[in-house]
Amino acid sequence: MKAQADDQSGSNGDGCILTRFDDGVATLTMSRPARRNAYSTAMMRALRLAVGAVLSDPACELLVLRGDGASFSAGGDVHEFAQGLALAPAARQASFEALVAEQVNPVILALRAAHQPVIAAVRGDCVGYGLSLTLASDFALAADDALFSTAGIALAQPGAGGQSAFLSRALGDRRARELMWSARRFDAHEAKALGLVERVVPVADFEAALADEVTRLTRGPRHAYAEIKHLLNTAADGAAGQPLAAQLAAEAAAFGRSAASADFAEAVQAFVARRRPQFGRDG
């Protein structure tokens, strides 16, 4: 798909999601820079719709999530949350539970289920829901000005968007608890040391590094990437009770599907010929 003009979803006052397609790469930009891209309800809804639209588009080969300006996202809009305090406790419980269940959770599930690789391109604040989106991505590139926080406990909340699942898998219960109980801020280098981001670069190199990662992934065997992603999700989801035999069977099936692809044939032929493989965009 050729480059298309940005599409805006959501109202300007509440922020919006900018959607751009460029030769198979979809970029969703969280745009509310005056509020460090803090999520209003309208933005959460717009992101859910935008994610569903781009990931279901057969022309989309890779998805990039980023923020407008110097921050990824400051999380949920606490000023908007304050409006809910007028509700009685039972009504407030139902309202906030529905917000997470209907707007946040579908996005996280869609990112994990997508066959396309998902890159989180993180600058500045990456807090709350912003952190959840980063954890749900397949590859996180962080500028060295990035600052992360689970954020929830600061509002007497446990957090949402899969933080408990992603952090406990990555860090174990004790380290996940420390980050979630403290909501302390940690920088990009600590995030990399914890295994929460894959690469950290200076701010001045951020755009070039992002372009490099996009090129690397779009030139690779994308169907094999999708098979690996699915297998890792299956292994993680079934960690409590998934028999090894079932995971081995899933790997065998994935290996067979990949062997039937044009990418596999090209990779084998390139190896034998001692050259770099040239993977097709539809291979």
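Just so you know, these numbers come straight off a predicted model, no measurement behind them. Per chain, residues are indexed from 1 in the order of the written sequence. Where totals are concerned, whole chains, interfaces and linings use all residues; where local detail is concerned, this predicted model gives features only for residues with pLDDT of at least 70, and gives and counts side-chain atom pairs only at 80 or more. To obtain the side-chain values, all non-hydrogen atoms of the structure were included, while hydrogens and water were left out.

1. Some points on helix 8 (residues 206-218)
Moving on, step 1. To qualify as a helix, a DSSP run of H or I must reach at least 4 residues; to qualify as a strand, a run of E must reach at least 2; elements of each kind are numbered from the N terminus. By this rule, a helix spans an expected 1.5 Å times one less than how many residues it contains. For helix 8, built from 13 residues, the straight-helix expectation of 18 Å at 1.5 Å per residue is met to within 8% by its first-to-last C-alpha distance of 18 Å.
Moving on, step 2. Only protein chains enter the area calculation, which uses a 1.4 Å probe; residues under 20% of their type maximum are buried, those over 50% are exposed, and those in between are partly exposed. Of all the residues in helix 8, the buried ones are F206, A209, L210, E213, V214, L217 and T218. Each buried residue of helix 8 lies within a common arc of 160° when the element is viewed along its axis, so the set occupies one face. This arc is taken over the directions from the axis of the helix to the C-beta atoms.

2. Structural notes on the side chain of S31
Moving on, step 1. With respect to the helices and strands, S31 occurs in strand 3 (residues 25-31).
Moving on, step 2. Contacts are residue-level and defined by heavy atoms, with any inter-residue pair within 4.5 Å sufficient. Excluding its chain neighbours within four sequence positions, the residues that come into contact with S31 are G15, C16, L18, N37, M43 and D68.

3. Re helix 3 (residues 89-113)
Moving on, step 1. With 25 residues, helix 3 ought to run about 36 Å at 1.5 Å a step, and its terminal C-alpha atoms sit 34 Å apart, in line with that.
Moving on, step 2. The largest bend along helix 3 reaches roughly 35° and is located at V104, with the proline P106 sitting one to four residues downstream.
Moving on, step 3. Where helix 3 is concerned, the buried positions are L99, Q103, V104, V107, I108, L111 and R112. Bend is computed residue by residue as the angle between axes fitted to the seven residues ending at the residue and the seven residues starting at it.

4. What to know about the packing of aromatic side chains
Pairs of aromatic rings are described using the distance from one ring centre to the other and the angle between the two planes.
Moving on, step 1. To pair, rings of Phe, Tyr and Trp, with the six-membered ring standing in for Trp, must have centres within 6.5 Å; the planes then decide the type, stacked if under 30 degrees apart, edge-to-face if over 60, and tilted in the middle. Throughout the structure, instances matching the rule amount to 3 aromatic pairs.
Moving on, step 2. A centroid spacing of 4.9 Å and a plane angle of 55° characterise the contact between Y39 and Y129, whose relative ring orientation is tilted. Here Y39, found in the loop between strand 3 and helix 1 (41-55), pairs with Y129, found in helix 4 (residues 129-136); they are 90 residues apart in sequence, far enough to count as distant.
Moving on, step 3. Under the relative-accessibility criterion, Y129 is labelled buried at 7%.
Moving on, step 4. Where F148 meets F186, the ring centres are 5.6 Å apart and the plane angle is 20°; that geometry is what we call stacked. Linking F148 in strand 8 (residues 147-149) with F186 in strand 9 (residues 186-187), this pair joins segments that are 38 residues apart in sequence.
Moving on, step 5. Residue classification places F148 among the buried residues on the basis of a relative accessible area of 1%.
Moving on, step 6. The cationic tip of R177 hangs over the ring face of W181; the distance from NZ or CZ to the ring centre is 5.9 Å.
Moving on, step 7. Charges are assigned to positions over rings by a cutoff of 6 Å between ring centre and Lys NZ or Arg CZ, combined with an angular limit of 35 degrees from the ring normal. One Lys or Arg, R216, reaches over the ring of F139 and ends 5.5 Å from the middle of that ring.

5. Remarks on the pairing of strand 3
Moving on, step 1. The buried fraction of strand 3 is high, at 7 of 7 residues.
Moving on, step 2. Residues of strand 3 alternate between two faces, with V25, T27, T29 and S31 on one and A26, L28 and M30 on the opposite face, all of them buried.
Moving on, step 3. Strand pairing follows a simple DSSP-based rule, namely that at least 2 bridges must link the two strands. Strand direction decides the pairing type here: strand 2 (residues 16-22) and strand 3, joined by 7 bridges, are antiparallel. The partner of T19 across the bridge, within strand 3, is L28.
Moving on, step 4. Here strand 2 folds back onto strand 3 in antiparallel fashion, the turn holding 2 residues, of which D23 has a positive phi close to 55°.
Moving on, step 5. As defined by bridge partners, strand 3 adjoins strand 4 (residues 62-67) across 6 bridges and the pair is classed as parallel. Residue pairing across strands places T29 opposite R66, the latter belonging to strand 4.
Moving on, step 6. Note on handedness: a crossover is taken as right-handed if, strands pointing away from the viewer, the path from the first strand over the helix to the second is clockwise. Where the polypeptide runs from strand 3 across helix 1 and back to strand 4, its parallel neighbour, the crossover connection is right-handed.

Without other data, these values stay purely geometric and don't point to any function.
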